[in-house]
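# Structure at a glance
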Amino acid sequence: MKKDPSRSQGMNAVYQFNLSGEEEGAYHVVMRPEGSYAGAGEAEDPNCTLSLSSADFKKLVQGKMNGTTAFLTGKLRLKGDMGLALRLQDVLSAYNAS
């Protein structure tokens, strides 16, 4: 995101990822017009919280799993803004395409 912020341009969102399984933990991604970053731990006030296994998270980020399909099959649980979750999928797809 820092190397090519154009893909998340115009976003103003805080995502939290609650991961279970082998690499259990909480992580967050903050996307703001002035810059984006990621970190470990829970976000103070996330707009969108995604809960899934660490193995499925890796697949999602690598573009090997579709977020919508993961949600519909129960592999991904979502709390908060569904529109931001869909936008995140677009951002990840753009990074994977490059």
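So, here's what we can say about the structure. (Residues numbered from 1 in each chain as written. Predicted model: local features only at pLDDT ≥ 70, side-chain atom pairs only at ≥ 80, totals over all residues. Heavy atoms only, no water.)

## Concerning the pattern of salt bridges
Counted by the stated rule, this structure contains two salt bridges. Between K59 and D56 there is a salt bridge; the shortest N-O distance is 3.9 Å. You can see K59 and its partner D56 sitting in helix 1 (residues 54–62), three residues apart, about one turn around the helix. With relative accessibility at 37%, the residue K59 sits in the partly exposed group. For D56, a relative accessible area of 11% corresponds to the buried category. (Salt bridge = Lys/Arg side-chain N within 4 Å of Asp/Glu carboxyl O. Helix = DSSP H or I, 4+ residues; strand = E, 2+ residues; numbered from the N terminus. Buried < 20%, exposed > 50% of the residue type's maximum accessible area, 1.4 Å probe, protein only.)

## Description of the sheet that holds strand 2 (residues 25–32)
The sheet built from five strands is open, its strands ordered 3-2-1-4-5 with mixed pairing. Here the strands that pair on one side only, and so sit at the sheet edges, are strand 3 (35–40) and strand 5 (77–80). On average, each strand axis in the sheet is inclined to that of its neighbour by 15°, with strand direction left out of account. Inspection of the sheet shows strand 1 (residues 13–20) paired to strand 4 (residues 48–53) by six bridges, in the parallel sense. Paired with F17 across the two strands is L50, which belongs to strand 4. Running over the sheet, helix 1 touches strand 1 and strand 4 and is turned about 115° from strand 4. (Pairing = 2+ DSSP bridges. Axes fitted to C-alpha atoms, helices over the stretch in contact; angles between N-to-C directions. Contact = heavy atoms within 4.5 Å.)

## Looking at helix 1
Among all positions in helix 1, only S54, D56 and L60 are buried. Looking down the long axis of helix 1, one finds its buried residues gathered within 155° of arc, a one-sided arrangement. G63, located one to two residues past helix 1, shows a positive phi value of around 80°. (Arc of directions from axis to C-beta.)

## Considerations on the side chain of H28
Following the sequence through the fold, H28 ends up in strand 2. Judged by its relative accessible area of 13%, H28 falls in the buried class. A polar contact of 3.0 Å, which involves the side chain of H28, links it to the backbone oxygen of G41. Look past the residues within four positions of H28 in its chain and what remains in contact with it is Y15, Q16, Y37, A38, G39, A40, G41, E42 and A43. (Polar contact = N/O pair within 3.5 Å; in protein donor to acceptor, adjacent residues only side chain to side chain.)

Function-wise, these values are silent; they only describe arrangement.
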